[in-house]
Amino acid sequence: MSAVVIRIERGWGPVAEGEAIVSAEGFSPRYDLDRWSGVITKPGHALEGTSIRDRILFFPTAKGGIAAGWAFHDIRHKGIGPKALCFGITNPVMVQGAVFAGITITEGWSQDPQTWLRSGDRVRVDPGAGTITLLDRA
Amino acid sequence: MRLTDEEQAMLAGAHGEALGRALEFQLAVGRFYGAERMVPIGNAHMMGDIEVMGDAGLEHLERLRASGARVRVDISTNARCFDFAWSERLGQDAAEAAKEKRVIGALRAMDVTTTDTCINYQTVYQPHFGEHLAWGDTGTVIWANSVCGARSNFEGGPSAMAAAMTGRTPEYGFHLDRCRRGTFVVEVDAPLADVADWGALGKLVGERHQSYWQVPVFTGLQHTPQADDLKHLGCSLASYGSMAMYHMVGVTPEAPTLAAALGGKRARERVRITAADIEAVYAGYRNADASCNFVVFSGPQLSLWELKRLAQLFDGRRVHPGTTVFVTTSSALAAQARALGLAGVLEKAGVTLLEGVCVYILQNLTQMRARNGWTNMISNSAKIVNTITAHRFNTILRRTADCVEIACSGKFR
């Protein structure tokens with residue numbers, strides 16, 4: 001398999017490797033997520049029923065919401081946080097929340113993940129190098 | 001980023017480790033967005049309740065307090081998840097209520113003013129044109145940017161707290177002229193007679209343009225909006241679209257004309273919203289199981305004028321047996337509503353008036369829903385219709401008078 005490497009616009013945090021979850025819909029930890037189980041529970045959400053624990057999450061947009069400022073820190077300490085958050089377009093609270101929680105976060109991508117990545121694939125996110133690399137197909 | 005001597009000293013720990021860490025955190029966020037410097041702020045507003053911060057957040061605050069941290073800029077708090085006078089009756093956890101009291105204690109010890117309101121802009125602090133702020137929740141930010149011409153990004157709880165401690169915030173996003181220009185035009189061809197109509201407008205515009213960096217410019221309004229209309233529009237845009245600013249030509253201060261609102265640029269898009277579009281929003285909700293036993297006026301908390309209008313609608317009527325109606329406002333406005341007799345009218349009708357909270361963040365809400373057999377949640381707030389869904393409610397937006405009719409008849413309309 002030839003390696004797929006895409007560029008990100010900006011990022012923060014340590015290098016993260018793990019299983020990708022790719023969503024066609026935006027995300028808010030308050031509107032969409034059960035913050036006690038780590039499962040997306042909003043009825044009708046594209047990822048309803050999916051756990052975000054230890055995953056690398058790809059969302060086109062951020063929804064809401066001030067809650068992310070605390071929520072990522074909370075779910076990380078509950079042991080149900082994601083390894084990294086990759087957004088097409090995010091908002092400052094997602095960034096503040098991820099930095100506060102110590103969770104890697106990126107914004108912008110040279111290729112839409114919907115075109116090269118599937119949920120279950122393994123990826124590496126490297127904010128310092130400004131890249132996301134596909135490691136293994138599911 | 002370019003730092004002043006004072007900021008360099010803060011970072012080096014000259015004013016304590018907590019302050020240095022707070023600034024370090026802010027700089028990391030500022031660098032993410034390419035901020036060149038920090039700007040002084042006039043006021044901060046933070047979300048800080050146990051439901052959202054969890055045990056880890058409480059420990060963070062108590063560590064801060066133990067370190068001797070204090071704020072240097074006035075900071076108020078957003079709605080929280082307990083009205084202690086009601087928590088037992090609502091079946092909320094006593095242990096969590098005790099933690100919420102610890103949150104309040106820690107914040108007060110650091111000189112945070114625990115106002116517990118999401119409508120600080122209607123009740124606590126009115127920022128001036130061009131004033132830099134560090135506010136959250138989203139409804140407060142979009143009000144400050146749009147209606148006051150003040151300048152704030154969405155600031156999460158820890159971030160607003162850090163800003164109040166350092167007295168500054170990174171200069172990116174809506175602190176900069178270039179991010180405040182309108183990006184698309186919304187021509188409104190609808191009467192918008194109720195706050196729910198304004199919320200529906202915000203839903204239509206926000207859902208289709210979901211981005212923090214989009215700034216809609218509204219034109220063509222048929223009447224001058226009132227403060228509560230703008231409140232519901234802003235809360236809805238922020239909730240559905242993650243938006244932090246809008247312009248309204250001839251109404252908001254940075255939009256004396258359409259050209260001024262667009263900052264000399266061409267709009268990327270023009271959309272038209274008609275009365276039929278607004279009606280289609282109402283028609284789009286399904287009634288999950290025919291139950292109409294949970295009606296909510298909350299998210300955002302009600303202003304005095306909203307309380308007055310609601311009291312007029314409920315006056316002499318009774319909430320249908322088996323139906324719960326929650327109204328939330330700040331403790332200050334609740335006291336005023338009591339003095340004016342408005343609270344008495346609502347309570348005589350069987351309405352539950354909750355203070356200092358918002359319904360969608362009530363601790364234990366999912367369990368409360370199951371225990372009370374609430375399937376549908378009916379509200380005149382487009383924001384709460386969106387935000388409460390993680391608790392697995394089927395939500396329905398209705399105009400204020402329709403919500404009151406449903407509450408008193410138990411019948412869907």
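Because the structure is a prediction, the values reported are computed rather than measured. (Residues numbered from 1 in each chain as written. Chains lettered and ligands numbered in written order. Predicted model: local features only at pLDDT ≥ 70, side-chain atom pairs only at ≥ 80, totals over all residues. Heavy atoms only, no water.)

Asker: Would you explain the packing of aromatic side chains in this entry?
Answerer: Any two aromatic rings considered together are summarised by their centre-to-centre distance and by the angle between their planes. Evaluated as defined, the whole model comprises 20 aromatic pairs over all chains. Ring centres of Phe 100 of chain A and Phe 25 of chain B lie 5.8 Å apart, and the angle between their planes is 50°; this geometry places the pair in the tilted category. Taken as a pair, Phe 100 of chain A in helix α2 (residues 92-101) and Phe 25 of chain B in helix α2 (residues 17-32) lie in two separate chains rather than in one. By the burial criterion, Phe 100 of chain A is buried, and Phe 25 of chain B matches it. On the numbers, 5.9 Å between centres and 5° between planes, the contact of Phe 82 of chain B with Phe 84 of chain B is stacked. Judged by relative accessible area, which is 31%, Phe 84 of chain B ranks as partly exposed. Through a chain of ring-to-ring contacts, the aromatic side chains of Phe 32, Tyr 33, Phe 154, Tyr 172, Phe 174, Tyr 212 and Trp 213 of chain B assemble into a single cluster. Note that Lys 101 of chain B overlies the ring of Phe 84 of chain B, its terminal NZ or CZ placed 4.8 Å from the centroid. Its end group placed over the ring of Phe 393 of chain B, Arg 369 of chain B keeps NZ or CZ at 5.9 Å from the ring centre. (Phe/Tyr/Trp six-rings, centres within 6.5 Å; stacked < 30°, edge-to-face > 60°. Helix = DSSP H or I, 4+ residues; strand = E, 2+ residues; numbered from the N terminus. Buried < 20%, exposed > 50% of the residue type's maximum accessible area, 1.4 Å probe, protein only. Lys NZ or Arg CZ within 6 Å of the ring centre and 35° of its normal.)

Asker: In this structure, what is going on with unusual backbone geometry? I would like to understand it.
Answerer: With the exception of glycine, most residues fall at negative phi, and the peptide bonds are largely trans. Residues and elements named next belong to chain B. Geometrically, the link from Gly 299 to Pro 300 is a cis peptide bond, its omega value of 10° lying close to zero. Following the sequence through the fold, Pro 300 ends up in the loop between β10 (294-297) and α12 (304-314). Phi angles above zero are rare outside glycine, and Arg 392 is one such case at about 65°. On the secondary structure map, Arg 392 appears in the loop between α16 (382-387) and β14 (394-397). When its relative accessible area of 40% is taken as the criterion, Arg 392 is described as partly exposed.

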